[in-house]
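Each chain, written out:
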Amino acid sequence: MTNHEPVVYIVDDEPSVRDSLTLMIEQANISVQSFESAEAFLSAYEADFFGCIIIDVKMPEMDGLQLHIELLHRKVWLPVIFLTGHGDIPMSVKAIKTGALDFLTKPVTREKLLTCIRSAFTEAKKRVDEAAHKQNALACLAKLTQREREVMSLAVQGCCNKEIAACLGISHRTVEVHKSKIMWKTGSINLLDLVRITREGDLGK
Amino acid sequence: MDGLTNLSFRALFDAAVEAKLLVDASGRIVLANPAVQLLLGYSEDEICEVTIEMLMPAKYCEQHRHYRAFFSNNPEKRTMGNGKALTALCRDGTEIMLDISLSPIKTQGQLYVLITFIATDQRFKAEEALRASEERLRLAKQAAGLGIFDCDCKNKIIYWDEQMRRLWGQDSDDPVAYDEFLSVIHPEDRAARKAAYNHAIDPTGNGEYSAEFRVIHAASGIERWIVTIGRVHFEAGHAMRLVGVAQDVTEQKHLQKKLQEQRDETESFFKQQVATRTASAIAHELNQPLTAISAYSEVILHALNNEEIDSDKLKGALEGCIAQAQRAGRSLHELLAFLQKSEIKTEQLNLNDVICEALSIAENDGYGGFHKILNLQPDLPAVQGNRTQVQKVLVNLFRNAVEAMRIASVPTATISISVGTLAKANMASVIVQDNGPSLDKDLAKQIFEPFFTTKPSGIGMGLAISRALIEANGGQLWLDPDLNTGTRFRFTLPFAI
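Residues numbered from 1 in each chain as written. Chains lettered and ligands numbered in written order. Predicted model: local features only at pLDDT ≥ 70, side-chain atom pairs only at ≥ 80, totals over all residues. Heavy atoms only, no water.

## Brief notes about the pattern of salt bridges
Between side chains of opposite charge, a pair can form as their charged atoms come close. Residue and element names in this part refer to chain B. Here the structure, examined in full by the defined rule, presents 30 salt bridges over all chains. Between aspartate 24 and arginine 28 there is a salt bridge, with the nearest N and O atoms lying 3.7 Å from each other. Between arginine 214 and aspartate 189 there is a salt bridge, with its nearest N and O atoms 2.8 Å apart. With arginine 214 in strand 10 (residues 208-216) and aspartate 189 in helix 9 (residues 187-200), the pair connects residues that are 25 residues apart, well separated along the chain. Accessibility classification places arginine 214 together with aspartate 189 in one group, the buried group. Among the charged side chains, a network of salt bridges with common partners joins Glu188, Asp189, Arg214 and Glu223. (Salt bridge = Lys/Arg side-chain N within 4 Å of Asp/Glu carboxyl O. Helix = DSSP H or I, 4+ residues; strand = E, 2+ residues; numbered from the N terminus. Buried < 20%, exposed > 50% of the residue type's maximum accessible area, 1.4 Å probe, protein only.)

## Looking at the sheet that holds strand 9 (residues 176-177) of chain B
All names here are of chain B. As summarised here, the arrangement of the six strands in space is 9-8-7-12-11-10, forming an open sheet in which the pairing is antiparallel. The open sheet is flanked by strand 9 and strand 10, the only strands paired with a single partner. Where strand 10 and strand 11 (residues 223-235) come together, nine bridges link them in antiparallel fashion. Considered in strand 11, the bridge of phenylalanine 213 is made with isoleucine 226. With respect to the sheet, helix 10 (residues 250-305) is in contact with strand 10, strand 11 and strand 12 (238-248), its orientation differing from that of strand 11 by roughly 120°. (Pairing = 2+ DSSP bridges. Contact = heavy atoms within 4.5 Å. Axes fitted to C-alpha atoms, helices over the stretch in contact; angles between N-to-C directions.)

## Overview of the interface of chain A and chain B
Listed by partner, the interface residues are 18 residues for chain A and 20 residues for chain B. Where chain A abuts chain B, roughly 1,700 Å² becomes buried across the two surfaces, and 57% of that area is made up of carbon and sulfur atoms. Among the residues chain A hides against chain B, the three largest losses belong to Leu23, Gln27 and Arg110 of chain A. Together they make up 30% of the total. At the boundary of chain A and chain B, one finds one salt bridge. Close ionic contact of arginine 327 of chain B with glutamate 14 of chain A constitutes a salt bridge, the shortest N to O distance being 2.5 Å. Of the residues forming the side of chain A that touches chain B, the biggest block, eight residues, is contributed by helix 1 (residues 15-27) of chain A. In terms of residue class, the side of chain A that touches chain B is built from six nonpolar, six polar and six charged. (Buried area = accessible area lost by both parts, 1.4 Å probe. Nonpolar A, V, L, I, M, F, W, Y, C, P; charged D, E, K, R; others polar.)

## Remarks on the layout of surface pockets
Residue and element names in this part refer to chain B. Approximately 1,700 Å³ is the volume found for the second largest pocket. What lines the second largest pocket is a set of 42 residues, and nearest its centre among them are Trp225, Lys253, Gly366, Gly368 and Gly369. The set of elements that each furnish at least two residues to the lining of the second largest pocket consists of helix 9, strand 10, strand 11, helix 10, helix 12 (351-367), strand 14 (371-375) and helix 13 (387-407). Taken together, the residues of the lining of the second largest pocket break down into 13 nonpolar, eleven polar and 18 charged. (1 Å grid on protein atoms, 1.4 Å probe; cavity = no way out; pocket = protein on both sides within 12 Å on 5 of 7 lines; lining within 4 Å. Points joined across faces, edges and corners; volume = space filled by probe spheres on them.)

## Focus: the environment of alanine 211 of chain B
Residue and element names in this part refer to chain B. Tracing the sequence through the fold places alanine 211 in strand 10. Judged by relative accessible area, alanine 211 falls into the buried class, the value being 8%. Separated by 19 residues in the primary sequence, alanine 211 and alanine 192 place their C-alpha atoms 7.7 Å from one another.

## Comments concerning the confidence of the model for chain B
Residues and elements named next belong to chain B. Here chain B shows a mean pLDDT of 83. Residues at 70 or above account for 93%. For chain B, the element scoring lowest by mean pLDDT is helix 1 (residues 2-5), at 58; strand 17 (residues 427-434) scores highest, at 93. For this predicted complex, the interface confidence reaches an ipTM of 0.71, while the overall pTM sits at 0.45. (pLDDT = per-residue confidence, 0-100.)

Given below as structure tokens:
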């Protein structure tokens, strides 16, 4: 899905902060794109944005926390790092609860910022991989017929063929045919593989 | 004189002011003087038709016949009723109260009784009215819980009523000596009470006595708040008596204290909010440039460490540092200018008055109870300043002093306030000194810094604000160093021109 290196997206209304942080991050050979407001970021956002986003909490118009919530609404899965003038505890708790990765206090040191960015990149990679797997799993599962889904659902719960046959009111033999088709369509090697795919596709139940 | 001895019984009888009757042994009235006719409303002819029993309410008649028989056998001069007033029946049926006395007169073998009536009705009514009024007073006293005292200023003896003794927690109803009376008063309140007393007995004053103090009951150790008011009676320029009332106001005091605590809490919360907001504004203004400076510097340092010298980039970063440091400084100045923006309205102030007002504000705020030594200067020229702000500074100084002395449990907390002139600077000066603990040097250095406090509940803005206020009024506030005991603050204000 992503064919480019991760990027740090900075959203801060303060030009000197944007400029200095950009210099600092670029010095570590990481690409940076900066935005002067939440609105500017949202209108520039593309589905292939990959990396992490550093958001200043205190901004005019839409502030950092509001931007974070908007990103969740739009299903933008970029890991979020907050920057704040003074990190009061209730605010940081709120931010972490809504899923922010970290909460950094200004002025921030190079070491802390880069460490934070690197772990955000790892998280980003994980999120992208998960999304890809899910996409893949959904595509596989989409190929199944209604009956095959029913059989699969019982199989991944641990029912043996005999039980599945009794439950669905079909013959033992028919269950075997359905199962082999399921394995072939999803490209699963064994039952464990099938369980993984259904979980990735959120069809585990 | 000879003429007088011949004065007839009848003439004397008729001339008497008291109402008189002469009754024979059977109880029949034989003579009635004009006074008795007037008193009972009978004519002379009519009254001589009746018996003595007809002149009293029917219920007494039977008993009276026995008394009359007894008197006939034991005739002697006496009063009736054992000191109690008796009732007589007038012709029109009304009853009047009388004292009655009997004098037996024997003449020509016959026993007559001379009866003298003294109408006690008026006296009786007055007594009744007095009793009722005393009763009303007693009930009012009881309802208000008022104790009454009467102090003999000369002999230093105090007479007191039951309630007063109860207020003092004592049983004996003997008068008490003045010293004993005072010994119950809370030691911290004695000086203030003494001052009120001295003020009251001053012959040049109006004699009004008003004091508020705590008494500690000797037996139980219970502490009660007492308010007392009274008035001194002077004779020939000397205070003779102080009569007054006292009331227990402990409950009101507790309520007041609670309300005050709530007000303090609100105020302290409000101040905290202001401090937080101010700090947060400062943090925001400074954090942005600091963030940039820190990041630029680290970029430069990292570049130098790794010998990745791109001189244009480094120059840019350094210029960024300078610009941001300059900006931070400007922000601070702007912030201070903003905080001090509200223009001060000054007026000509009598510093002596402002001090007295501030003292009463402090007392009302629950920071009273200290002994005051006032060295005011009534002739001091007016100073130029903002009344509320100068008051605020004084109240804050008193408050700090009282709190410090309370924490240190100073036995007789004293604050002395002196007004003077700094001649060379053309300034008025005020010294506020307490006898609490003295400040050590390290503490003294920090004491004016914002957010510095030694109090658990303080936010440490009091002295910082006080200093700022005095400076805004054109004066200075400082702490006199190197005192062995107590803390001495001094501030100046410019004279009005």
